[in-house]
Amino acid sequence: MALLIQNGEIVTADSRYFADIFVEDETITRIGSNLELPPGTEVVDARGCLICPGFINPHVHIYLPFMATFAKDTHETASIAALMGGTTTFIEMCCPSRLDHALDSYYLWKEKAHNHSACDYAFHMGVTRWNDETESQLRRIVADGTSSFKVFLAYKNFFGIEDTELFQTLRLGKEMGVITAAHCENAEIVSRLQTYLLSVGKTGPEWHEPSRPETVEAAGTHRFAAFVELTKAQGYVVHLSCAPALEEAARAKQRGVRLAIESVLPHFLLDNSLTEQPGVEAMKYVMSPPLRDRRNHRSLWNGLRSGIIDTVGTDHCPFDLAQKGLGELAFTDIPNGIPGIEERVSLMYTRGVVTGQIDIHRFVDALSTRAAKLFGLFPRKGTIAPGSDADLVVFDPTYRGIISVKTQHTQNDYNAFEEFGVKGRASVVTVRGKVQVRDGVFVGDRFRGRFLAREPIGDTHGE
Ligand code: URP
Ligand code: ZN
Ligand code: ZN
């Protein structure tokens, strides 16, 4: 069926104007005024609202075996939560452990999502070891449409890789035009600091941050940037959390290293004082890199405003209170992760755009367009133009609400942003022309989401 979204103000990364949007067969076909409509066209009135391209979350964990347990969401719960918050596409980390077979893991992750997602999705392929089979397996995965790799320089012996493996991954990425995302912390130093802190009785969640201090992340970022520079590959730093790491990444970018930077919702809004609360209250806020001293917030917002920080993801990774409690005796056993897939858009709008920290175009760019460009989805996703998928968010800037675990859609028993106020929300959300959310209620097809096959987009030339 055809769809018309009328009377709204279209906002993209570089333009803002009033026009109506006409959609046929999942695609935007016309933008203008007084458009002729075939009989039966569904009409959405967006008066008083902004119309943004569907938001893209470049960093989520949904199926995730990790730290002796599994993240709580299913693709159904996470994708509905995503849509309720205005996210129409997410890119999930496929994270085999070092013991797992890469290709089998890739098919397992795909199977988990297939016919179980309400929004569109893609994967970053985790490269967590390099053996005789790895290269041919990765070539098959890229040929299947997963054209980004992910490496961990943290989590020694589980996901973490060695220098030779990092080099080989980046060389293959360069050859194939595939971008490599990296969790940048120095695994060796983290491991030593963890052992030391536990040995002197510092076992509570407040010691998580001191076990992986800012310098450790800066060192990991520096190392990754050096490898990206030397291999002439294209790199993407995930969940950059603090000023020293930002300085390392920015220096590399400024000397021409092809490095993009992502920061995630918790690092803009939360700080490490939350891990000084009693018991499980503190454990809720354990993620890696850790929540930092709040003086880092200013650097992140400045970096986002200037565009040095390219994208905003969430690192959505829900573990419930019972799972968090596994770390009662040692902070090293607290499953790492904070959810946020549903809250990203309205909180970044409230704390970023409403306060004047970023303008509306940077907001759309960082939460949608730039991820689409970096990960081979543009212009199918990430913009509003004839020929693009009709993933549209009618964003109501007059909405006022309070975030609460009681109304969230992610499958978890706490919300890290409990009682945060929001100004503005996604009131109508479409996925390829189908209304999935209306007036803030999920009304759509739970299994509409499709796997997005992506072509490699990087430069494959030169040594
Ligand atoms: O704490 C985090 N970030 N958990 C998820 C795994 C990762 O490092 O991204
Ligand atoms: Zn990570
Ligand atoms: Zn992550």
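Because the structure is a prediction, the values reported are computed rather than measured.

### Some words on the overall build of the protein chain
Of regular secondary structure, the protein chain possesses 14 helices and 21 strands. Taken against the 2.2 N^0.38 rule, which gives 23 Å for 463 residues, the C-alpha radius of gyration of the protein chain at 21 Å falls within 12% of a compact globule. Split into buried and exposed, the 463 residues of the protein chain put 62% on the buried side. Pairs at least 24 residues apart make up 76% of the contacts formed inside the protein chain by residues separated by at least 6 positions. Carbon together with sulfur atoms contributes 50% to the accessible area of the protein chain, which is approximately 17,000 Å² in total.

### Re the pairing of strand 1 (residues 3-6)
Two elements, strand 1 and strand 6 (residues 42-45), share 4 bridges in a ladder whose sense is parallel. Counted as the bridge partner of Gln6 is Asp45 from strand 6. Here strand 1 runs beside strand 4 (residues 20-24); their pairing, made up of 3 bridges, is antiparallel. Bridge assignment links Ile5 to a residue of strand 4, and that residue is Ile21.

### Focus on the pattern of salt bridges
For the structure on display, the rule yields 32 salt bridges. Measuring nitrogen to oxygen at the nearest pair gives 2.8 Å for the salt bridge that ties Glu9 to Arg16. A salt bridge links Lys110 to Asp144; its shortest N-O distance comes to 2.7 Å. Linking Lys110 in helix 2 (residues 102-113) with Asp144 in the loop between helix 3 (134-143) and strand 13 (148-152), this pair joins segments that are 34 residues apart in sequence. Exposure remark for Asp144: the relative accessible area of 26% places this residue in the partly exposed category. What emerges from the salt-bridge pattern is a single network uniting Glu26, Asp120, Arg380, Lys381, Asp389, Asp391, Arg432, Arg448 and Arg450.

### Here we look at the nonpolar core
Of all hydrophobic cores here, the largest spans 120 residues; its most connected members are Phe224, Leu259, Leu304, Met348, Phe363 and Phe417. Per-element accounting of this core gives the leading share, 8 residues, to helix 14 (residues 360-374). Residues in contact with Phe224, not counting those within four places in the same chain, are Val151, Leu153, Leu166, Leu170, Thr180, Ala182, Cys184, Gly235, Tyr236, Val237 and Leu259. Counting 17 residues, the second-largest nonpolar core is a separate cluster that includes Ile5, Ala46, Ile51 and Val394.

### With respect to unusual backbone geometry
Along the chain, Ser288 connects to Pro289 via a cis peptide bond; the corresponding omega equals -10°. Tracing the backbone shows Pro289 in the loop between helix 10 (279-283) and helix 11 (295-306). That bond from Phe378 to Pro379 is cis: its omega, 5°, falls within 30 degrees of zero. Not every positive phi belongs to a glycine, and Tyr155 is a case in point at roughly 60°.

### Section: the side chain of Glu185
By the element assignment, Glu185 lies in the loop between strand 14 (179-183) and helix 5 (187-199). A distance of 2.7 Å separates the side chain of Glu185 from the side chain of His183, its partner in a polar contact. At 2.8 Å, the side chain of Glu185 forms a polar contact with the side chain of Arg212. Excluding residues that lie within four positions of it along the chain, Glu185 makes contacts with Leu153, Ala154, Arg212, Val216, Glu217, Gly220, Ser288, Pro289 and Pro290.

### Describing helix 2
With 12 residues, helix 2 extends 17 Å from end C-alpha to end C-alpha; this agrees with the ideal 16 Å at 1.5 Å per step. Turning to helix 2, its buried residues number three or more, namely Ala102, Leu103, Ser105, Tyr106, Trp109, Lys110 and Ala113. With its buried residues spanning 160° around the axis, helix 2 presents them on a single face. The outward face of helix 2, more than 90 degrees from its buried face, is lined by the exposed residues Asp104 and Glu111. Positive phi appears at Asn115, one or two residues downstream of helix 2, with a value of about 60°.

### With respect to the state of the cysteines
Here the structure, examined in full by the defined rule, presents 0 disulfides. Left unpaired, Cys49 is separated from the closest cysteine sulfur, that of Cys52, by 9.9 Å. Overall, the relative accessible area of 11% leaves Cys49 in the buried class. Judged by relative accessible area, which is 0%, Cys52 ranks as buried.

### A word on the coordination of the zinc ion (ligand 3)
Bound to the zinc ion (ligand 3) on the protein side are His59 (NE2), His61 (NE2) and Asp315 (OD), at distances that span 2.0 to 2.1 Å. Its 4 donor atoms give the zinc ion (ligand 3) angles of 85 to 142° at the centre, a pattern that matches the irregular case. We note that the donor set of the zinc ion (ligand 3) lies within a single chain, spaced as H-x1-H-x253-D. Metal-to-metal, the separation of the zinc ion (ligand 3) and the zinc ion (ligand 2) is 3.7 Å. Of this pair, His59 sits in strand 8 (residues 55-60) while Asp315 is found in the loop between strand 17 (311-313) and helix 12 (321-324), placing the two residues 256 residues apart along the sequence. A residue is classified by how much of its surface remains accessible, and Asp315, at 7% relative accessible area, is buried.

The rules behind the values
- Residues numbered from 1 in each chain as written.
- Chains lettered and ligands numbered in written order.
- Predicted model: local features only at pLDDT ≥ 70, side-chain atom pairs only at ≥ 80, totals over all residues.
- Heavy atoms only, no water.
- Helix = DSSP H or I, 4+ residues; strand = E, 2+ residues; numbered from the N terminus.
- Rg over C-alpha atoms; globule rule 2.2 N^0.38 Å.
- Buried < 20%, exposed > 50% of the residue type's maximum accessible area, 1.4 Å probe, protein only.
- Contact = heavy atoms within 4.5 Å.
- Areas by Shrake-Rupley, 256 points an atom, 1.4 Å probe, with all protein chains shown as cover.
- Pairing = 2+ DSSP bridges.
- Salt bridge = Lys/Arg side-chain N within 4 Å of Asp/Glu carboxyl O.
- Core = buried A, V, L, I, M, F, W, Y, C linked by side-chain atoms within 4.5 Å.
- Polar contact = N/O pair within 3.5 Å; in protein donor to acceptor, adjacent residues only side chain to side chain.
- Expected span 1.5 Å × (residues − 1).
- Arc of directions from axis to C-beta.
- Disulfide = S-S within 2.5 Å.
- Donors = N, O, S within 2.8 Å, 3.2 Å for Na, K, Ca; no water.
- Tetrahedral: all angles 85-135°; square planar, octahedral: opposite > 155°, others 65-115°.

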